[in-house]
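# Inside the fold
Next come the chains, spelled out residue by residue.
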Amino acid sequence: MTTVKEFNSYGEELEKLLMLRTAPIAVKMLEKEADIPQEAVRPKRDRGYHLAQCQAFAMTRRKREAIAMLKEDNWCWAPLIGYGLVEGLQFFEKMKMGYRHFNMQMTPDFPQPDFYKELFKMWGLDVAE
């Protein structure tokens, strides 16, 4: 099994070969708050402000900071829904505010590839057969 030290050396080698302008980042999905590394920054708690997910990625890339984003740290709703931290698309669909109501490609009668039906089912939305 590959060790962390080996992965780190692979990463260093890739950085040298690719000559990247910013550091590559990794995202770890946590099951519980206790899994957050001690050195990780919690934007709302530690700095008093929210961040968008893209801002957290940019800060990690440029400053090489470990940033832990929980529900209360996020500024944007899309990652919260995408990561399953809040009730998502079903709520917006019930309120007739969902993406489907504002984008004609998301309506059931618009011609779509078959994989759309699979996505809609996965999101818990009605699928026209």
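So, a few notes on the structure that sits alongside this text. Note that the structure is predicted; figures quoted are calculated from it, not measured. (Residues numbered from 1 in each chain as written. Predicted model: local features only at pLDDT ≥ 70, side-chain atom pairs only at ≥ 80, totals over all residues. Heavy atoms only, no water.)

### Topic: the side chain of N74
Structurally, N74 can be placed in the loop between α3 (53-63) and α4 (77-82). For N74, a relative accessible area of 7% corresponds to the buried category. If sequence neighbours within four positions are ignored, N74 has contacts with H50, L51, Q53, M69, P79 and L80. (Helix = DSSP H or I, 4+ residues; strand = E, 2+ residues; numbered from the N terminus. Buried < 20%, exposed > 50% of the residue type's maximum accessible area, 1.4 Å probe, protein only. Contact = heavy atoms within 4.5 Å.)

### Describing the nonpolar core
Within the largest apolar cluster, six residues are counted, these being V41, L51, A56, M59, I67 and M69. Residue contacts for A56: discarding those within four places in its chain leaves L51, I67 and M69. (Core = buried A, V, L, I, M, F, W, Y, C linked by side-chain atoms within 4.5 Å.)

### Details of the environment of C54
Mapping C54 onto the fold places it in helix α3. Taking the relative accessible area as the measure of exposure, C54 reaches 55% and is therefore exposed. Separated by 25 residues in the primary sequence, C54 and P79 have C-alpha atoms spaced 9.6 Å apart.

### Some points on the environment of K44
Here K44 lies in helix α2 (residues 43-47). Residue class for K44 comes out partly exposed when judged on its relative accessible area of 36%. As a C-alpha pair, K44 and E72 span 28 residues in sequence and 6.9 Å in three-dimensional space. Leave out the neighbours within four places in its chain, and K44 touches Y49, H50, E72 and D73.

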